[in-house]
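Chain by chain, the residues run as shown.
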Amino acid sequence: MKILGIETSCDETAISLIEGNGEKNSPSFKVLEQALHSQADKHAEFGGVFPSLAKREHAKNLVPLLGEIIKKEGSPDLSHVNWSEIEELLHRETELAKNLKNFVLTHEKPDVDMLAVTSGPGLEPALWVGINFAKALSIIWQIPLIPINHMEGHIVSVLTESNISNFPALALLISGGHTEIVLVNSWGDYKILGQTKDDAIGEAYDKVARILNLPYPGGPEISKLAKIGRESNECKYEISFPRPMIGTNDYDFSLSGLKTAVLYRTQKFDDIDDIAKIEVATEFEQAIVDVLKKKVGNALDEFAVENLIVGGGVIANEYIRESLKKVADERGVKAFFPTKDLSTDNAIMISIAAYLRQFDKKPEINPDIRAKGNLSLES
Ligand code: KG4
Ligand code: ZN
């Protein structure tokens, strides 16, 4: 089955075409095409993602990205299409509607069995652009469409490389918007064991980066400094941060106090030098890693699972990856991580989730899909 996936929940516009085969518990996937445009540099000057800019950028980039995936020109018979219905659907995006019409009238209908689109969680204006675009394609090409939870995408992003058939499994999701420990009873059946009460881990990295005057997104910048700090092993300043909620008997997190501790400690420097930045970044990252190791270790012990899945943009961080792998290895648990390019937002994971979902729910043409900024994995 060939699935075209569309992702616009945050600041990456992405479209992918994959082929899924096999049963729900032993699927295999082949990535046929992928196209992705990151807006990160556009948002950098705001120090975070600016929703209306994200929406505008998605609207501008969707058709060109589709063009990278569907290259074959042609003049398909689209006499069934009521174009005013498409214009109505994209009435806030007149430019997108026009470009889309031009595109589908001049390119062959692709060999695709199903469309998939992220419906949440994320920035609602950004989600809506992707949803309406996907609905328009569903109507024009008469291909069924399935809505996908972005966080489910991060969980199943490990399936391009490996197969997981022993359930329940444990999943840790760490991204710019989420920090969750999830029990995966089967694909599509999730229980959230705990989550952050305030900031997400990626968000904390981004905020600490801003405090240290480093560019957005902050995760890669902080982790670069922390790596230097760990390797040099020097200690010029006395810097120590709390490990919030490390001792609580639950799977929840709280990161805002850690961020505030970084702010106060940094303010003590009149003119912060590079060595201080390195030492702050190193101790901050160590605090995050200590808390993650403890919480994930506790959950692996309590639920006695055989498999740990880790997903989300923050897992691009090598040190966090290695530390979590150690926690799993110590318990004889197998740890699964997505490849680097599938760690951050992409549409391949959305297509994979759709393949697994269609076993339980038959997708429809032009279904009623609404963007939900706070969509939960349990809904
Ligand atoms: O999953 P993702 O691409 O988007 C969301 O769904 O949020 O995650 C983006 C987050 C950003 O906060 C970014 O700073 C963080 O992942 N990130 C990292 C690293 N690379 C990206 N955090 C820590 N270390 C990294 N190497
Ligand atoms: Zn994400």
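What counts and how
Residues numbered from 1 in each chain as written. Chains lettered and ligands numbered in written order. Predicted model: local features only at pLDDT ≥ 70, side-chain atom pairs only at ≥ 80, totals over all residues. Heavy atoms only, no water. Core = buried A, V, L, I, M, F, W, Y, C linked by side-chain atoms within 4.5 Å. Buried < 20%, exposed > 50% of the residue type's maximum accessible area, 1.4 Å probe, protein only. Helix = DSSP H or I, 4+ residues; strand = E, 2+ residues; numbered from the N terminus. Contact = heavy atoms within 4.5 Å. Salt bridge = Lys/Arg side-chain N within 4 Å of Asp/Glu carboxyl O. Near = heavy atom within 4 Å. Polar contact = N/O pair within 3.5 Å; in protein donor to acceptor, adjacent residues only side chain to side chain. Areas by Shrake-Rupley, 256 points an atom, 1.4 Å probe, with all protein chains shown as cover. Pairing = 2+ DSSP bridges. Axes fitted to C-alpha atoms, helices over the stretch in contact; angles between N-to-C directions. Donors = N, O, S within 2.8 Å, 3.2 Å for Na, K, Ca; no water. Right-handed = clockwise from strand over helix to strand, strands pointing away. Parallel < 35°, antiparallel > 145°, perpendicular 65-115°, else oblique. Nonpolar A, V, L, I, M, F, W, Y, C, P; charged D, E, K, R; others polar.

S.K.: For the nonpolar core, give the residues involved together with the corresponding values.
M.R.: Counting residues in each nonpolar core, the largest one holds 50 residues, and the members touching the most others are Phe284 and Ile320. Taken together, the elements giving at least two residues each to this core come down to β6 (169–174), β7 (179–186), α7 (201–211), α8 (218–232), α9 (256–267), α10 (274–303), β9 (307–311) and α11 (318–330). Setting aside residues up to four positions removed in sequence, phenylalanine 284 forms contacts with Ala204, Tyr205, Val208, Ile222, Phe241, Leu258 and Val262. Judged by nonpolar contacts, the second largest core, of 39 residues, contains Ile69, Leu115, Ile139 and Trp141.

S.K.: How would you summarise the pattern of salt bridges if you had to cite specific residues and measurements?
M.R.: Tallied over the full model, the rule gives 23 salt bridges. For glutamate 93, the salt bridge identified is with lysine 55, shortest N-O distance 2.8 Å. Here glutamate 93, found in the loop between α3 (83–89) and α4 (94–106), pairs with lysine 55, found in helix α2 (residues 51–69); they are 38 residues apart in sequence, far enough to count as distant. On the accessibility criterion, glutamate 93 (14% relative accessible area) is buried. Overall, lysine 55 belongs to the partly exposed group, its relative accessible area being 21%. With its nearest N and O atoms 3.3 Å apart, the salt bridge here joins aspartate 199 to lysine 207. Residue aspartate 199 is classed as buried on the basis of its relative accessible area of 7%.

S.K.: Any chance you could break down the site of ligand 1 for me, citing the residues and the numbers?
M.R.: Looking at ligand 1, there are 20 residues lining it, with Gly176, Asp206, Gly219, Gly313 and Asn317 nearest. Residue aspartate 206 places a side-chain N or O atom 2.7 Å away from an oxygen atom belonging to ligand 1. Between ligand 1 and aspartate 345, the relevant distance is 3.2 Å, taken from an oxygen atom to a side-chain nitrogen or oxygen of the residue. Protein coverage of the free-state accessible area of ligand 1, which is 550 Å², stands at 89%.

S.K.: Describe the sheet that holds strand β1 (residues 2–7), listing the residues and the values that go with them.
M.R.: One open sheet accounts for 5 strands, arranged β3-β2-β1-β4-β5; its pairing is mixed. Since the sheet does not close on itself, it has two edges, and those belong to β3 (28–38) and β5 (145–149), each with one partner. Averaged over neighbouring strand pairs, the angle between their axes works out to 20° when direction is ignored. One ladder, built from 10 bridges, connects strand β2 (residues 12–21) with β3; its direction is antiparallel. The residue of β3 that forms the bridge with leucine 17 is glutamate 33. α2 rests against β1, β2 and β3 of the sheet, and its axis sits at about 35° to β2. With respect to the sheet, helix α5 (residues 124–141) is in contact with β1, β2, β4 (114–120) and β5, its orientation differing from that of β4 by roughly 160°.

S.K.: Can you lay out the coordination of the zinc ion (ligand 2) for me, pointing to particular residues and giving the numbers?
M.R.: Note on metal sites: the ideal angle is 109.5 degrees for four tetrahedral donors, and 90 or 180 degrees for six octahedral donors. Distances from the zinc ion (ligand 2) to its protein donors, His150 (NE2), His154 (NE2) and Asp345 (OD), fall within 2.1 Å. When the donors of the zinc ion (ligand 2) are listed by position in the chain, the intervening gaps give H-x3-H-x190-D. Of this pair, histidine 150 sits in helix α6 (residues 150–156) while aspartate 345 is found in the loop between α12 (340–343) and α13 (348–357), placing the two residues 195 residues apart along the sequence. Grouping residues by exposure puts histidine 150 and aspartate 345 together as buried.

S.K.: Before we move on, can you summarise the pairing of β5 with the specific residues and values?
M.R.: Most of β5 is tucked away, with 4 of its 5 residues classed as buried. Crossover β4 to β5 through α5 is right-handed.

S.K.: Quick rundown of the environment of isoleucine 348? Include the residues and the values.
M.R.: Note on placement: isoleucine 348 falls in helix α13. With 133 residues separating them along the chain, isoleucine 348 and proline 215 place their C-alpha atoms 27 Å apart. Not counting residues within four places of it along the chain, the set of residues in contact with isoleucine 348 comprises Ser16, Ile18, Val31, Gln34, Thr160 and Leu342.

S.K.: Describe the packing of α7 against α10, listing the residues and the values that go with them.
M.R.: Axis separation between α7 and α10 bottoms out at 11 Å; the angle between their running directions is 170°. Classified by the interaxial angle, the pair formed by α7 and α10 is roughly antiparallel. On α10, the residues that touch Ile201, Ala204, Tyr205 and Val208 of α7 are Phe284, Glu285, Ile288 and Leu292. Taken together, the residues of the contact of α7 with α10 sort by class into 7 nonpolar, no polar and 1 charged.

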